[in-house]
Amino acid sequence: MSAQVNALSRSDLYIQTRLLIWNRKIKTDFSEMASKSRVSILDYFNIVCEGENGKIESNCKACGTRIQAKRTVTSNFVTHLKRKHQAMYDEFVRKKDVKRETMQTCAGPPGGRVISQSGTGMNKFDYSDPRQSLISEAIAKMIIRDLQPAQIVEYEGFRELLQLLEPRYMPVPCHYIQQQLLPAYVSQVQQAAKQALKGAESCSMSLDTVGVNCGYLGVTCHFINTDWNIRSALLACLPLPGHSNTQQMITDFDEISESHGISGKVFRVVADSSPSEKRSAFGLPGFHIIGSDKVDRDDDSIDEEAVAGENKEAMGSNENHKSLDQCLGRSRIDCFARLLSQCVKEGVCASSQLSVHLGKAACLYNYIFATVAPEKLLQVFDSTGEQRSSSKYWNAQLKIMRQMVESMDFLEDIVDRSDLVLCSIEKAVLRELLEVLEPFEEASDMVSGDKHVSISLALPCVLGLRKHLAEVTTQQCSAIVMGLSQALDRRLAGILEDPLYVTATTLDPQFKLSWSSDSDWHKQVLLEEIGKHSQPLSPLEHYSEAQPSPSKRCKLFSFIKQRPTAQAKTVEQELSTYLHEEPTDEDPLQYWKRKSIDFPLLSQVAKKVFTVPATTTSVDQIFDLVSKTFRPQQCQFLPKNLDTLIYLKANYRILWS
């Protein structure tokens, strides 16, 4: 009996040993097979060189773009495939998924690590997986662009949506986004902005505020880089405590300028004379679009009362005006686009009956959108969704009204309510209003955007608007024309004699002095302004530029006479030569990039003056979006890190071009 037991034990031991050897062989064979079927992102790139610490430079096999990264951190390669070669990226992800599933099926969890399972039994991504990183980055983009709270990643509905779209994604916690991801993006933007500003010779700044009792201060920098391209970056978005004074704003501004190394480079500061004044988007009175991001009716009534009591409001904030002007001095200027909008606001509010006519037109528009099929609406309106979302601004409302007037017969045919059809007088009012405001709309659209020079357009716009109001003839909108003329003279007439605007317009090659009625006087103003901001080259610099280097001269050519030393042109000579040339429609920045050698003094001033924006900044537009949330009943819905989100949203192009 004992012998049988021993024989059985030896038999079991033999079987277990053979199973162990066989299992080990299977794992070894699988490991070799897995190494042979290695899936690497570098398979799609040709390695050019490899440096220290694993740094490598590789060219994309598809387009030849050179990418720099480390062997241990290959996210740059993955991002390039994702953005430029979607088919190759999908192939790479598919190979990675097949390899991962095969390894988990045949060899089990690597290193004994337990891989979490989804409800369907599918394995979750590891946090280092490229697909996991891209989805987390996409979520961060959504939070930044839509100004959503970071807590959205923990909402039940949001996680159900992620589970449906990608069951293998491992949701990241809220604190990871707030404490690691967003601060990392902020640090990246700050480093990029500081690096870009190092090469800037001068810059201009914009100060934007939102909120009355509490709000935020946005500090935006505008500069022209060495390649003569204009750039803008939000340097900071700071919370403002209740009842902040102007001196505190200036202190914050100085600290931001110092931290970014531009304290001595600031040329002009674009800021409202009254930063604490309530901000609200201006829309045409009575033209309320249902379903848009509109301004409530009580805001419109407040706006009209503000126009009527403008003098009283100005007297109440006179102390704040003086404080801001005393701190910034002559370097502070008003935003041209905002002054233009205020002129339109005062002009249209000069007619007491206009809101009634516009109110009926808005009712017709709202009824059409509620009852007519979308395919029919596209025959009249360009884009329904985007148009309605921006219809709280007067220029967007004017575009809607123009489309209605041009297709009024078609709209009346598809409307089954006679009480909404406009009468002949109401149609005449709308047509005259469109004719009167069309040049103002053109001027507003012309200066919008931050990728081109806008300050040189302000003075010609004022001259054109003056001429238009003097020549236009109306029967129903005479009060509006008078109100616009008065507002234009009160708010924008000073631009015509301001040396900054005279210089900017004259240095724009499409204008020069063709707009001037007294070219001699404006030329003298221009010379004085250029003399303040230009720095003549030293004789040594001129000599080094004119003379060839000694290494280039040799005894063989000693019989050739040396060229005479080029004499430096004065400012008067440069200006005379520049004005003698015919105006051109070439982009101002590209023109002065090409002419910087011929006109070194004028190009210095152009590079400084053209940094001043005539339009509103991106952070100002973001402030308009969030301004309604500063009401007491809605402050509870604000994200806790709203200042960080505004900062990243305004600098979105720096992170993701």
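As the structure is a prediction and not an experimental result, all values here were calculated from the model.

> Can you help me understand the overall build of the chain in this one?
Helix and strand counts for the chain come out as 28 helices and eight strands. Across the 657 residues of the chain, 44% fall into the buried class. Accessible area of the chain: about 35400 Å², with a carbon and sulfur share of 52%.

> In this structure, what is going on with the environment of Thr371? I would like to understand it.
Take Thr371: it is sitting in helix α12 (residues 354-371). Classification of Thr371 by relative accessible area gives partly exposed; the value is 46%. Spatially, the C-alpha atom of Thr371 lies 9.8 Å from that of Asp416, the residues being 45 residues apart in sequence. Reaching out from Thr371, the side chain makes a polar contact with the backbone oxygen of Tyr367 at a distance of 2.7 Å.

> What is the right way to look at unusual backbone geometry in this model?
Excluding glycine, most residues fall at negative phi; most peptide bonds, likewise, are trans. Notably, Leu147 is not glycine yet its phi reads approximately 50°, a positive angle. With respect to the helices and strands, Leu147 occurs in the loop between α4 (130-145) and α5 (156-165). We classify Leu147 as buried; its relative accessible area is 13%. Of note, the phi angle at Trp228 is positive, near 60°, even though the residue is not glycine. Topologically, Trp228 is positioned in the loop between β5 (215-224) and β6 (230-240).

> Would you take a moment to explain the packing of aromatic side chains for this structure?
One pair of aromatic rings is described through two measures. These are the centre distance and the angle between the planes. Enumeration over the complete set of coordinates arrives at 12 aromatic pairs. Centre to centre, the rings of Tyr44 and Phe92 are 6.1 Å apart; their planes meet at 90°, and the pair counts as edge-to-face. One end of the pair, Tyr44, is in the loop between α1 (2-36) and β1 (45-50); the other, Phe92, is in helix α3 (residues 86-107), and 48 residues separate them in sequence. Here Tyr44 matches Phe92 in class, with each residue buried. Considering the side-chain rings of Tyr365 and Phe369, the 4.6 Å spacing of their centres and the 45° angle between planes classify their relative orientation as tilted.

> Can you walk me through a nonpolar patch on the surface in this structure?
A cluster of nonpolar side chains, contributed by Leu556, Phe557, Phe559 and Ile560, occupies part of the molecular surface with about 480 Å² of accessible area. Locating Ile560 in the fold gives a position in the loop between α22 (539-546) and α23 (571-580).

> What should I look at first to understand the packing of helix α26 (residues 618-626) against helix α27 (residues 642-650) in this one?
Each pair of packed helices gets described by two things: the angle between the helix axes and the distance between those axes. Running from N to C, α26 and α27 point in directions that differ by 135°, and their axes come no closer than 9 Å. Viewed along their axes, α26 and α27 adopt a mutual orientation that is oblique. Remark: the crossing between α26 and α27 carries right-handed chirality. Facing Ser618, Val619, Ile622, Phe623 and Leu625 of α26, the residues of α27 in contact are Ile646, Lys649 and Ala650. Among the residues making up the contact of α26 with α27, the classes are represented as six nonpolar, one polar and one charged.

> Which parts of the structure should I look at to understand the sheet that holds strand β3 (residues 66-70)?
Within a sheet, each strand pairs with its neighbour through backbone hydrogen bonds, oriented either parallel or antiparallel. With antiparallel pairing, three strands are arranged side by side in an open sheet as β1-β2-β3. Across the chains shown, the open sheet's two edge strands, defined by having one partner strand only, are β1 and β3. Sheet twist, expressed as the average angle between the axes of neighbouring strands with direction ignored, equals 30°. Bridging between β1 and strand β2 (residues 55-60) involves five bridges; their strand directions are antiparallel.

> Explain the sheet that holds β5 to me, please; I cannot follow it from the model alone.
Overall, mixed pairing links the five strands, which are arranged β6-β5-β4-β7-β8 in an open sheet. The sheet is open, and its two borders are formed by β6 and β8 (332-333), each paired with just one other strand. Sheet topology places strand β4 (residues 203-210) next to β5; eight bridges connect them, and they run antiparallel. What sits directly across from Val210, in β5, is Tyr216.

> So what exactly am I meant to see when it comes to the nonpolar core here?
Nonpolar side chains in soluble globular proteins tend to end up buried together. Core analysis: the biggest nonpolar cluster contains 97 residues, and Phe336, Leu437, Phe440, Trp592 and Phe610 have the highest contact counts within it. Leu437 has contacts with Leu284, Val344, Val348, Leu398 and Leu484, leaving out every residue within four places of it along the chain.

> Even after reading the chapter, I still don't get α23, so can you show me in this structure?
What sets the pattern is the α-helix's 3.6 residues per turn: residues three or four places apart point alike. Taken as a whole, α23 has its buried residues at Val571, Glu574, Leu575 and Tyr578. Taken down its axis, α23 places every buried residue within 95° of arc, on the same side. Those residues of α23 hidden inside the fold are in contact with α20 (499-506), α21 (519-533), α24 (588-595) and α25 (600-609).

> Explanation requested: the confidence of the model for the chain in the structure shown.
Reading fine detail from the predicted coordinates is not recommended where pLDDT is low. Here the chain shows a mean pLDDT of 78. Residues at 70 or above account for 73%. Of all helices and strands in the chain, the one with the weakest mean pLDDT is helix α8 (residues 297-308) (42), whereas helix α18 (residues 458-471) scores best (96). Here residues 539-551 scores under 50 on pLDDT; set against residues more than four positions off or in separate chains, the count is nine contacts.

> When you look at the environment of Leu500 in this model, what are you seeing that I'm missing?
Positionally, Leu500 belongs in helix α20. Along the primary structure Leu500 and Ile333 are separated by 167 residues, whereas in three dimensions their C-alpha atoms are 9.8 Å apart. Those residues in contact with Leu500 that sit more than four places away from it in its chain are Phe267, Arg268, Ile333, Glu529 and Val609.

> Teacher, can you tell me more about the pairing of β3 here?
A regular strand carries its side chains on alternate faces of the sheet. The alternating pattern of β3 places Ile67 and Ala69 on a buried face and Arg66, Gln68 and Lys70 on a face that is not buried. Examined bridge by bridge, β2 and β3 share five bridges and lie antiparallel to one another. Paired with Asn59 across the two strands is Arg66, which belongs to β3.

> Could you clarify how one ought to interpret the pattern of salt bridges in this entry?
Between side chains of opposite charge, a pair can form when the charged atoms approach closely. Taken as a whole and assessed by the stated rule, the structure comprises 23 salt bridges. Across the pair Arg338 and Asp620 runs a salt bridge whose closest N-O atoms are separated by 2.9 Å. With a gap of 282 residues between them, Arg338 in helix α11 (residues 336-348) and Asp620 in helix α26 connect regions that are remote in the sequence. Of the two residues examined, Arg338 and Asp620, each falls in the buried class. Here Lys360 ties to Glu426 by a salt bridge, and the two come within 3.3 Å at their closest N and O atoms. Of this pair, Lys360 sits in helix α12 while Glu426 sits in helix α17 (residues 424-447); the two residues are 66 residues apart in sequence, bridging distant segments of the chain. On the basis of relative accessibility, which here comes to 11%, the residue Glu426 falls in the buried class.

> Would you take a moment to explain the packing of α4 against α27 for this structure?
One can describe the packing of α4 onto α27 by two numbers: an axis separation of 8 Å at closest approach and a directional angle of 100°. Put simply, α4 runs roughly perpendicular to α27. For the pair α4 and α27, contact is made by Ile143, Ile144 and Arg145 and by Leu645, Leu648 and Lys649, respectively. A breakdown of the residues in the contact of α4 with α27 according to their chemical character gives four nonpolar, no polar and two charged.

Thresholds, definitions, all that
- Sequence order as written defines residue numbering, which begins from 1 separately in each chain.
- The model is predicted, so local features are restricted to residues of pLDDT at least 70 and side-chain atom pairs to those at 80 or more, both for listing and for counting; the totals for chains, interfaces and linings are taken over all residues.
- The side-chain numbers reported here are obtained from all heavy atoms of the structure, hydrogens and water having been left aside.
- Starting at the N terminus, helices and strands are each numbered in turn, a helix being any DSSP run of H or I of at least four residues and a strand any DSSP run of E of at least two.
- Burial here depends on accessible area, computed with a 1.4 Å probe over protein chains only, as a share of the maximum for the residue type. Under 20% is buried, over 50% is exposed, and the range in between is partly exposed.
- Using a 1.4 Å probe, accessible areas were evaluated by the Shrake-Rupley method; residue-level cover was limited to the displayed protein chains.
- Here a polar contact is taken to be a pair of N or O atoms separated by no more than 3.5 Å, where protein atoms must pair a possible hydrogen donor with a possible acceptor and residues adjacent in sequence count only if both atoms sit in side chains.
- Geometry of aromatic contacts follows a simple scheme: Phe, Tyr and Trp rings, the Trp one being its six-membered ring, pair when their centres are within 6.5 Å, and the pair is stacked under 30 degrees between planes, edge-to-face over 60, tilted otherwise.
- Each patch groups residues whose relative accessible area exceeds 30% and which form no salt bridge, using 9 Å between like charges and 5 Å between nonpolar side chains of Val, Leu, Ile, Met, Phe, Trp and Tyr.
- Salt bridges are identified by distance alone: a Lys or Arg side-chain nitrogen within 4 Å of an Asp or Glu carboxyl oxygen.
- For helices, the fitted axis covers only the stretch in contact; all axes are lines through C-alpha atoms, and the angles between them, taken along N-to-C directions, range from 0 to 180 degrees.
- Throughout this description, any angle smaller than 35 degrees is read as roughly parallel, any larger than 145 degrees as roughly antiparallel, any in the 65 to 115 degree range as roughly perpendicular, and the remainder as oblique.
- Two helices cross in a left-handed way if the nearer one is turned anticlockwise from the farther one by less than a right angle. They cross in a right-handed way if the turn is clockwise.
- Should any heavy atoms of two residues lie within 4.5 Å, those residues are counted as being in contact.
- Just so you know the grouping, Ala, Val, Leu, Ile, Met, Phe, Trp, Tyr, Cys and Pro go in nonpolar, Asp, Glu, Lys and Arg go in charged, and all remaining residues, Gly too, go in polar.
- Any two strands between which DSSP finds at least two bridges are classified as paired.
- Side-chain atoms within 4.5 Å link the members of a nonpolar core, which is a set of buried Ala, Val, Leu, Ile, Met, Phe, Trp, Tyr and Cys residues.
- What the arc describes is the spread of directions from the helix axis to the C-beta atoms.
- For every residue, the pLDDT score states the predictor's confidence, bounded by 0 at the bottom and 100 at the top.

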